[in-house]
Amino acid sequence: MALKVHASLAVHVGDWLRTEILEPYNIKVNTVAEHLGVSRQSISALLNGRSNLSANMAIRFEKAFGVRADTLMRMQSAFELAQARAHEANLNVQHFNLVAPSGAEQRNL
């Protein structure tokens, strides 16, 4: 059985980076952008939740601040899934009934 994360617990990784790493040390967006070698706009969009974290950016944050890239990517994935789950009732998709080929076992996916 898979554990479900309540949507209120899924935080956008940009918000977490801003509140837990940058703000406590008074690090400005321009400084981070320059240090990571990316545009100010891309950092600002990430930190304000207007864009998602890429694997490349996660590695940049790992190198700069020591936060594991895979941890950041899991946070991003959990946030995206929580957002999708919040709207899953709008998806009109029925369960696909799989019929095993002759001689094969029936499986539930």
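Up top you'll find the structure we're talking about.
This section reports on the structure supplied with the text.

Quick notes on the rules
- Residues numbered from 1 in each chain as written.
- Predicted model: local features only at pLDDT ≥ 70, side-chain atom pairs only at ≥ 80, totals over all residues.
- Heavy atoms only, no water.
- Buried < 20%, exposed > 50% of the residue type's maximum accessible area, 1.4 Å probe, protein only.
- Helix = DSSP H or I, 4+ residues; strand = E, 2+ residues; numbered from the N terminus.
- Arc of directions from axis to C-beta.
- Contact = heavy atoms within 4.5 Å.
- Phe/Tyr/Trp six-rings, centres within 6.5 Å; stacked < 30°, edge-to-face > 60°.
- Salt bridge = Lys/Arg side-chain N within 4 Å of Asp/Glu carboxyl O.

## Let's talk about helix α1 (residues 13-22)
Part 1 of the reasoning: For α1, the full list of buried residues reads V13, G14, L17, I21 and L22. Looking straight down α1, one finds its buried side chains confined to an arc of 100°; they lie on one side.
Part 2 of the reasoning: At its buried positions, α1 is contacted by α2 (29-36), α3 (40-47), α4 (55-65) and α5 (69-86).

## Observations concerning the environment of Q41
Part 1 of the reasoning: Relative to the elements of secondary structure, Q41 occurs in helix α3.
Part 2 of the reasoning: Once the C-alpha coordinates of Q41 and N30 are considered, the two residues, 11 residues apart in sequence, prove to be 9.1 Å apart.

## A few points about the packing of aromatic side chains
Part 1 of the reasoning: The full count for this structure, using the stated rule, is 1 aromatic pair.
Part 2 of the reasoning: Judged by centre distance (5.8 Å) and plane angle (25°), the ring pair of F61 and F65 falls under stacked. Of this pair, F61 and F65 both sit in helix α4, 4 residues apart, which is roughly one turn of that helix.
Part 3 of the reasoning: A residue is classified by how much of its surface remains accessible, and F61, at 1% relative accessible area, is buried.
Part 4 of the reasoning: Judged by relative accessible area, which is 29%, F65 ranks as partly exposed.

## Points about unusual backbone geometry
Part 1 of the reasoning: With phi around 55°, N26 is a residue other than glycine that occupies positive phi space.
Part 2 of the reasoning: Inspection of the secondary structure assignment puts N26 in the loop between α1 and α2.
Part 3 of the reasoning: In this structure N26 comes out as exposed when scored by relative accessible area, which is 55%.

## With respect to the pattern of salt bridges
Part 1 of the reasoning: The tally for this structure, following the rule as stated, stands at 5 salt bridges.
Part 2 of the reasoning: Residue R68 is joined to D70 by a salt bridge in which the shortest nitrogen-to-oxygen separation is 3.2 Å.
Part 3 of the reasoning: Judged by relative accessible area, which is 33%, D70 ranks as partly exposed.
Part 4 of the reasoning: Among the ionic pairs, R85 bridges to E88, the shortest N-O distance being 3.1 Å.
Part 5 of the reasoning: Looking at R85, the relative accessible area reads 47%, which means it is partly exposed.
Part 6 of the reasoning: Accessibility expressed as a relative area gives 41% for E88, which makes it partly exposed.
Part 7 of the reasoning: Connected through shared salt-bridge partners, D15, R18 and E23 make up one network.

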